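# Overview (structure and organization)
Here is what each chain is made of, one letter per residue.
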Amino acid sequence: ISSAPTETCYNVEIGLIFDKYPDETRWEIVKGRRPSFQNNNAELVKESPFYDPKPPGNYRGASEKHIVCLPEGRYTFTI
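Residues numbered from 1 in each chain as written. Predicted model: local features only at pLDDT ≥ 70, side-chain atom pairs only at ≥ 80, totals over all residues. Heavy atoms only, no water.

## What to know about the sheet that holds strand S3 (residues 44–47)
Test applied: Two strands pair if DSSP finds at least two bridges between them. Comment: elements are numbered from the N terminus, with helices defined as DSSP H or I runs of at least four residues and strands as E runs of at least two. Under this scheme, a helix contributes an axis fitted over its contacting stretch, all axes are lines through C-alpha atoms, and angles between N-to-C directions fall in the 0 to 180 degree range.
What the three strands build is an open sheet, ordered S3-S2-S5; its pairing is antiparallel. The sheet is open, and its two borders are formed by S3 and strand S5 (75–78), each paired with just one other strand. Shown here is a sheet whose adjacent strand axes are inclined to one another by a mean of 15°, direction ignored. Summarising the sheet, strand S2 (residues 28–31) and S3 pair through three bridges and their orientation is antiparallel. Residue pairing across strands places Val30 opposite Leu44, the latter belonging to S3.

See the structure below:
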């Protein structure tokens, strides 16, 4: 029995430290060389959640880490 090869992916770590306005922070990773605000057809790979400054989220002054596994290719990270 043989299984299909799995695609290799590379872990990319995104670390953030928030100020008093975490709700103004947004990031995205898209395939290719243009962020989605420049290309309506951009393929969104991963995007940030909403960073709520009020409880229960309470990201104000906090830090956050995301690990995204990306297959080999070209991507654009926009924050």
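## Brief notes about the environment of Tyr21
The condition that has to hold: Using a 1.4 Å probe on the protein chains alone, a residue whose accessible area is under 20% of its type maximum counts as buried, one over 50% counts as exposed, and one in between counts as partly exposed.
Here Tyr21 is to be found in the loop between strand S1 (9–17) and S2. Take Tyr21: its relative accessible area is 44%, and that puts it in the partly exposed class. As a C-alpha pair, Tyr21 and Tyr59 span 38 residues in sequence and 8.6 Å in three-dimensional space.

## Things to note about the packing of aromatic side chains
For clarity, the threshold we go by: Stacked, edge-to-face and tilted are the three classes for Phe, Tyr and Trp ring pairs, Trp counted by its six-membered ring, which pair at centre distances within 6.5 Å; planes under 30 degrees apart are stacked, over 60 edge-to-face, the rest tilted.
Overall, the coordinates contain four aromatic pairs when judged by the stated rule. Relative to Tyr59, the ring of Phe18 lies with its centre 5.6 Å away and its plane at 70°, an arrangement referred to as edge-to-face. You can see Phe18 sitting in the loop between S1 and S2 and its partner Tyr59 sitting in the loop between S3 and strand S4 (63–71), a full 41 residues away along the chain. This pair shows no difference in class: Phe18 is buried, exactly as Tyr59 is. On the basis of an interplanar angle of 35° and a centroid distance of 6.1 Å, the ring pair of Trp27 and Phe77 is categorised as tilted. Taken together, the positions of Trp27 in the loop between S1 and S2 and Phe77 in strand S5 put the pair 50 residues apart, joining distant regions of the chain.

## Considering the pattern of salt bridges
Note the cut-off: By definition here, a salt bridge exists when the distance from a side-chain nitrogen of Lys or Arg to a carboxyl oxygen of Asp or Glu is within 4 Å.
This structure, assessed with the given rule, holds two salt bridges. A salt bridge links Glu28 to Arg26; the nearest nitrogen and oxygen atoms lie 3.6 Å apart. On the basis of relative accessibility, which here comes to 2%, the residue Glu28 falls in the buried class. We classify Arg26 as partly exposed; its relative accessible area is 45%. The salt bridge involving Glu47 is made with Arg26; its shortest N-O contact spans 3.3 Å. Residue Glu47 is located in strand S3, and its partner Arg26 is located in the loop between S1 and S2; the two are separated by 21 residues in the primary sequence.

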